[in-house]
Amino acid sequence: MADEFRIEGCHGTIAEQKDEAFYDDRSDASDDEEKGKIKFPKRLYGREKELDSLERLYGGMLTAFDGNNRDDNSQVVFLSGYSGVGKSTLIKEFVKQLRSSKNLNTENNSSSIIYGAGKYSEQNSASSPFFAIIEVLETLANELCETKDSSDIANEQRQKVWESIRQSELIGPGKEGDAILRATFPVLTPLLDSCMDTNGKGATGDSAVHSTMSAIKECTLQLFCAICRALDNPMIIFLDDLQWADEASFDMLNVLLTSSELQNLMFICAYRSNEVDVEHSFSKLMDNVSKGDESVEKMELFSLSPTSITAFIADSVKKEEDDAEVQELSSAVYQTTMGNIFFTKQALEELVRKNILFYDMMCFEWRWVVTKVELANNMSADVVESVLGKIRDLPEEIQELLSLMAYIPNALDVPTLKALMCHNGATYEESQVKDLLQQSSDEGMLLLVSPNWIFAHDRIRQASLKFASEKSDSEETLLHISSVLLAEGSDREWCQYVAVDILNSLPVEKTDCYELVKLNVKVSHLAKNSGALGKENALLRKGLESLKSSGRTWTGNSYEITLKLYDALLVSEYSSGAYDAARAAIDEVIKNAKTPDEKLIAYSHRILCLTSETSDFGKGAEIGLEILTKYGFDIPLSPTKAVMAKEEMKYKLALRNRSISCLTTLPIKDDPLLDLCQQLNLCALYSGKLDVMKLMNWKIIQYVLKKGSMSSNLAPILGVFALLHVKQNDVKKANEFASATQALSLQIRDDKQNHAQAVMCVSLAMCLLQPFSSLTSPFLQSYKDFKLMGEVEMSLNGLNGYVQCFFGAGCELGPIFESKLLVVEEYCRNLGRQSSLILFSMFRQFALNLRKPSDNPSKLIGEAFNEEQVLSELEGSAHFQTLRDSSSLRVQLAFVFWNEEDMIDLLKILETYPLQDQFVARLHNRLAFTGLAAFAMCHRKDCASYKALGEKCLGHFKFLSKSGSVNARPVYLFLKSMKSPSRDAFREAIESCAEGKFVNLEAMINERYAAFLRKENDEAASNECLTDAYFLYQEWGAHAKALQLSKDHDFLKKSKRRKARSSAHTVGSNHVTASSTVSATSDEATPKKAFSFNSTSKQRKVILMKNSGKKK
């Protein structure tokens, strides 16, 4: 043995030197001796009950999953508790245990459960929109793209997710939603890139994307749906500290947490219960999500019990729980911390710093030699003060690091931290910064979430921020931080959000006012494109505040930025419903703008504010006409016939015998004046000032032709003009303007708003002549487009058009159609659109009555809708319109199921309504079955008066039929056969329905023809017609009616299925679009040939003659 390893014993003997581990068998004894730090155990204490509850909920989701059906296996958990109580630790342990569980739907491996987590910051105002949601998406993108887990199961899972995203109609590669997601959430780029073909097919261009909040919500929802559909086990999303979430996040979560589309997902939302009252946005979100939903669980996490705290402290100081000293220490700590685990750790560390709790180097154990009272007196009552005391004892460089990080809510990487640390003459290398970060981590202040660093707890950030604010140079520090973030923020939007909020918080004299105004405007655009309209508005107001404080508004070099700021602000105020604030900004622009063109945005929004707030479209038209006089448009509010004749002549001279389609050859250039005209056009239409509308459109067309260019607004302007001609039953003019609008809409696809409005107008006008079956797709697309743009009313109008055309065309009824209505009902419910919710629930009940047997199928009472209850709760116009719509559907049911008493009762209601409606398809369905029921009942002595009502309906369809309407002709012939029954009349009607592929009408005519033949004692022919009707009803999806026929006629049960002549229309294909293109789906039908709006009347006449069986 070498002498250097021997020492002199106390009695002169020589003994071998032993290290501490020789006497203390704990593996970390040397660490305790070297650092004197207390080490906390990593296991979870006192949360067995909560873990069991979470595992039970997740297990229930696994049970609901059967390999094909994921319905009803989603779960929302609201987890509440005070700060530091251990919410995030509980969820981490829950996920850890799940990932090691054998009870999953795949083999046991670390990627069998996809988990994403995000945490909101207390400095919410400095955070970018969707702060924690972005963290979740980044986690998911990394997990679904990285190749560190290269197992076959992990690779297969990733491939399934990528394929699911590829298949999405909205967010697949190259689709609009893909561009929206990339622009709003750049962290998703790796995942979306992975979904593209290997040759890059589907890549999105670099063109700017201006997203609405509605589009962002819908695209994010579809992304989650696509991911969850592809997973073998339910995904887990954890959002922490939701009491600090921004309004954009609450808006997003309201969609994600209430959507019935989103399955195979557990959403855990944690918040501080003591910081959320009943008026808090998160409280309202919980109420909305929890309404009648059994898949919502509320869990409250309380502080740990004295027993659990004792066990934790005993393990921390390496002693037994029943040790008297441990009991005394635990009692003192619990009295101060009340079982809060984070506070408990800070209290123990504080006792160590004060040397009250110390590691005895002689005994190799933790000891304390003071009384319980002294223990309590040496612990801070405030956890932040306790952490602050710890910060004050740290080295200055670490204090500086924590102070800088405290001002920034986001996770930071080493290069950014290096740039932040290099100020006041100090310079650092990245290696030095890494050393400081590691020391901070060893002290329990920071955590590494590779490659970024974050505070270990928000209370540590709070204490660091308090420490930083006590320093005398805090304002200079903030200026330095903002300059670093702006330099770093070219590819990271959050840097710009934080920088602008920091600069806005500083005194005016500390900043460059002009540059700060520009920065506020710039970042407000980022917020707007992210759908965070509240943030946009706040930044614009801050910019205006800075500009006013400089005294440079509307002067010199500030004129342009002032105009830009006010224009953006008035639009923002209007969009948020702050009409008084919008009007103040409008008045400011009108007063100070130099040119008429610079005032156009303000003038347009003056009308929008008025009509949106009061719905006084007449007043809007009056104000608009007054404004137009400033731009050379002299239009009287009540034009005389002489004025109308004179202006029409000018309009015709400007066209020079050309069709209105000549406008489609003009180049497209922005023209704010047409924005104003577009608003005025709608005001004139809605206020019934049709002559004013005509005059204005004539002048607009003259203005465009003279200018030699048009803006994209012209398409919807012409579309509305087409609707005016529809309202006036001028089929020729409606055709001309609808065709021009359709052509223009193809040229303005990039202008989503005007394109969608133009398509909607074309679809509404085309209902006059085009087959209803060809219009379901355009209407459905309008619904989707307007929904993405946040245009709720227009989107619901589009869906209403889809349903009316669907019913009018006799498309196949079934669960797919009903599921679409369910989605829309949820959409209406979430937006509080009660009238629309009633309408679409009514539509679904109508479809259910035809499809499923019920006691009284001609009454709208069932699982989707209760007419009697709904009508009893409505008054005024709401009651009037709802009764019209329900009676229109019920009279069809009464006719189909042949309930004479109900037909009579409903005719009494329907005869009080005007035989006019701007919505062609809705009027078609109402008058068709009003007329059929009227002729069916007028043979009764007490109902003879209904013959006149039937004649009026017959006249309506006769006019449209002569005009070339393929929708009107079968109805017209059906009405004729009901008015004057004969074999020829019924045969002609049946043939017309078969040619037009109206399977619903063909079924009904065959049944009525069978009844006629039965009266003529032609039993064989009658049974043949009944057989046709029986199978046609089944083709239509009216299985309840088919069942009724089979019960009334036993021979039908043994009859052989005959392929219906209209069946091709109802099974397995989608309708042609407005431009007669065909795409296959599983729900709607496609006619072999659709009328084109560009067909000549002679061509239509030839086709109609063929349809009626006549010779050419």
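The following refers to the structure shown. (Residues numbered from 1 in each chain as written. Predicted model: local features only at pLDDT ≥ 70, side-chain atom pairs only at ≥ 80, totals over all residues. Heavy atoms only, no water.)

### So, the overall build of the protein
Part 1: Regarding its fold elements, the protein presents 49 helices and eleven strands.
Part 2: Put simply, the protein has 1112 residues, and 57% of those count as buried.
Part 3: Intrachain contacts of the protein at a sequence separation of at least 6 include 69% that bridge at least 24 residues.
Part 4: Approximately 48400 Å² of the protein is accessible, and the part contributed by carbon and sulfur atoms is 49%. (Helix = DSSP H or I, 4+ residues; strand = E, 2+ residues; numbered from the N terminus. Buried < 20%, exposed > 50% of the residue type's maximum accessible area, 1.4 Å probe, protein only. Contact = heavy atoms within 4.5 Å. Areas by Shrake-Rupley, 256 points an atom, 1.4 Å probe, with all protein chains shown as cover.)

### Description of the packing of helix α32 (residues 714-727) against helix α33 (residues 731-747)
Part 1: Here α32 crosses α33 at 160°, and the two axes come no closer than 8 Å. Put simply, α32 runs roughly antiparallel to α33. The handedness of the crossing between α32 and α33 comes out as left-handed. Contact residues: Leu714, Ala715, Leu718, Gly719, Phe721, Ala722, His725 and Val726 in α32; Lys733, Ala734, Phe737, Ala738, Ala740, Thr741, Leu744 and Ser745 in α33.
Part 2: In terms of residue class, the contact of α32 with α33 is made up of eleven nonpolar, four polar and one charged. (Axes fitted to C-alpha atoms, helices over the stretch in contact; angles between N-to-C directions. Parallel < 35°, antiparallel > 145°, perpendicular 65-115°, else oblique. Left-handed = near helix turned anticlockwise from the far one by under 90°. Nonpolar A, V, L, I, M, F, W, Y, C, P; charged D, E, K, R; others polar.)

### Let's talk about unusual backbone geometry
Part 1: Phi at Ser615 takes a positive value of approximately 60°, unusual for a residue other than glycine.
Part 2: Mapped onto the elements, Ser615 comes out in the loop between α27 (600-614) and α28 (617-628).
Part 3: Taking the relative accessible area as the measure of exposure, Ser615 reaches 49% and is therefore partly exposed.
Part 4: Not every positive phi belongs to a glycine, and Arg656 is a case in point at roughly 55°.
Part 5: Within the fold, Arg656 resides in the loop between α29 (641-655) and α30 (672-686).

### With respect to the side chain of Thr511
Part 1: Within the secondary structure, Thr511 is located in the loop between α22 (493-505) and α23 (513-529).
Part 2: In contact with Thr511, not counting residues within four places along its chain, are Leu503, Leu506 and Leu516.

### Observations regarding the pattern of salt bridges
Part 1: Tallied over the entire structure, the rule returns 58 salt bridges.
Part 2: Note that Glu218 and Lys787 form a salt bridge whose closest N and O atoms lie 3.4 Å from each other. Taken together, the positions of Glu218 in helix α9 (residues 213-230) and Lys787 in helix α35 (residues 776-789) put the pair 569 residues apart, joining distant regions of the chain. Each of the two residues, Glu218 as well as Lys787, counts as buried.
Part 3: Several salt bridges converge on common partners, so that one network encompasses Lys119, Asp240, Asp241, Arg272, Glu275 and Asp458. (Salt bridge = Lys/Arg side-chain N within 4 Å of Asp/Glu carboxyl O.)

### Comments concerning the pairing of strand β3 (residues 75-80)
Part 1: Burial runs high along β3: six of the six residues are buried.
Part 2: Neither face of β3 is open: one carries Gln75, Val77 and Leu79, the other Val76, Phe78 and Ser80, and all of them are buried.
Part 3: Where β3 lies against strand β6 (residues 265-271), six bridges are found, and the strand directions are parallel. When the bridges of β6 are listed, Phe78 appears paired with Cys269. (Pairing = 2+ DSSP bridges.)

### Looking at the pairing of strand β5 (residues 235-240)
Part 1: In terms of burial, β5 is a largely internal element, six of the six residues being buried.
Part 2: What you see with β5 is no split at all: Met235, Ile237 and Leu239 on one side and Ile236, Phe238 and Asp240 on the other are buried throughout.
Part 3: Pairing of strand β4 (residues 115-119) with β5 involves five bridges; the strand directions are parallel. Residue Gly116 lies in a different strand from β5, and its bridge partner there is Ile237.
Part 4: Two elements, β5 and β6, share five bridges in a ladder whose sense is parallel. Its bridge partner being in β6, Leu239 is matched across the sheet by Cys269.
Part 5: Taken together, β5, helix α10 (residues 247-256) and β6 form a β-α-β motif whose crossover is right-handed. (Right-handed = clockwise from strand over helix to strand, strands pointing away.)

### Focus: the environment of Lys707
Part 1: Its location among the elements puts Lys707 in helix α31 (residues 690-707).
Part 2: Here Lys707 falls in the partly exposed class, since its relative accessible area comes to 42%.
Part 3: Taking C-alpha positions, Lys707 is 9.6 Å from Leu666, a pair spaced 41 residues apart along the chain.
Part 4: Here Asp671 takes part through its side chain, which lies 2.8 Å from a polar atom of the side chain of Lys707. (Polar contact = N/O pair within 3.5 Å; in protein donor to acceptor, adjacent residues only side chain to side chain.)

### Remarks on the packing of aromatic side chains
Part 1: Taken as a whole, this structure holds 35 aromatic pairs when the rule is applied.
Part 2: A ring pair is formed by Phe130 and Phe185, whose centres lie 5.5 Å apart and whose planes are at 65°; its orientation type is edge-to-face. Residue Phe130 is found in the loop between β4 and α5 (131-143), and its partner Phe185 is found in the loop between α7 (176-184) and α8 (189-194); the two are separated by 55 residues along the sequence. Both residues of the pair, Phe130 and Phe185, count as buried.
Part 3: Residues Phe806 and Phe817 carry aromatic rings whose centres are separated by 4.1 Å and whose planes lie at 5° to one another, so their mutual orientation is stacked. Of this pair, Phe806 sits in helix α36 (residues 792-809) while Phe817 is found in helix α37 (residues 815-831), placing the two residues eleven residues apart along the sequence. The exposure classification of Phe806 matches that of Phe817, with both residues buried.
Part 4: An aromatic cluster is built from Tyr802, Phe806, Phe807, Phe817, Phe840, Phe843 and Phe846, whose rings are joined through pairwise contacts.
Part 5: One Lys or Arg, Lys594, reaches over the ring of Tyr559 and ends 4.3 Å from the middle of that ring.
Part 6: The ring of Trp898 has Arg1008 lying over it, and the distance from NZ or CZ to the ring centre is 3.8 Å. (Phe/Tyr/Trp six-rings, centres within 6.5 Å; stacked < 30°, edge-to-face > 60°. Lys NZ or Arg CZ within 6 Å of the ring centre and 35° of its normal.)

### Some points on the sheet that holds β5
Part 1: Strand order across the open sheet formed by five strands is β4-β5-β6-β3-β7, with parallel pairing between neighbours. Since the sheet does not close on itself, it has two edges, and those belong to β4 and β7 (296-300), each with one partner. Neighbour-to-neighbour, the strand axes of this sheet turn through a mean angle of 15°, independent of strand direction.
Part 2: Each of β3, β4, β5 and β6 is contacted by helix α4 (residues 87-99), which is oriented at about 170° to β5, the strand it contacts most.

### Observations regarding α30
Part 1: Taking 1.5 Å per residue, 15 residues should reach 21 Å; α30 reaches 22 Å between its end C-alpha atoms and fits that length.
Part 2: Burial of α30 is extensive: eleven of the 15 residues sit out of reach of the surface.
Part 3: Among all positions in α30, only Leu673, Leu674, Leu676, Cys677, Gln678, Gln679, Leu680, Asn681, Cys683, Ala684 and Leu685 are buried.
Part 4: Buried residues belonging to α30 abut α27, α28, α31, α32 and α34 (752-766).
Part 5: Positive phi shows up at Gly688, right after α30, with a value of about 80°. (Expected span 1.5 Å × (residues − 1).)

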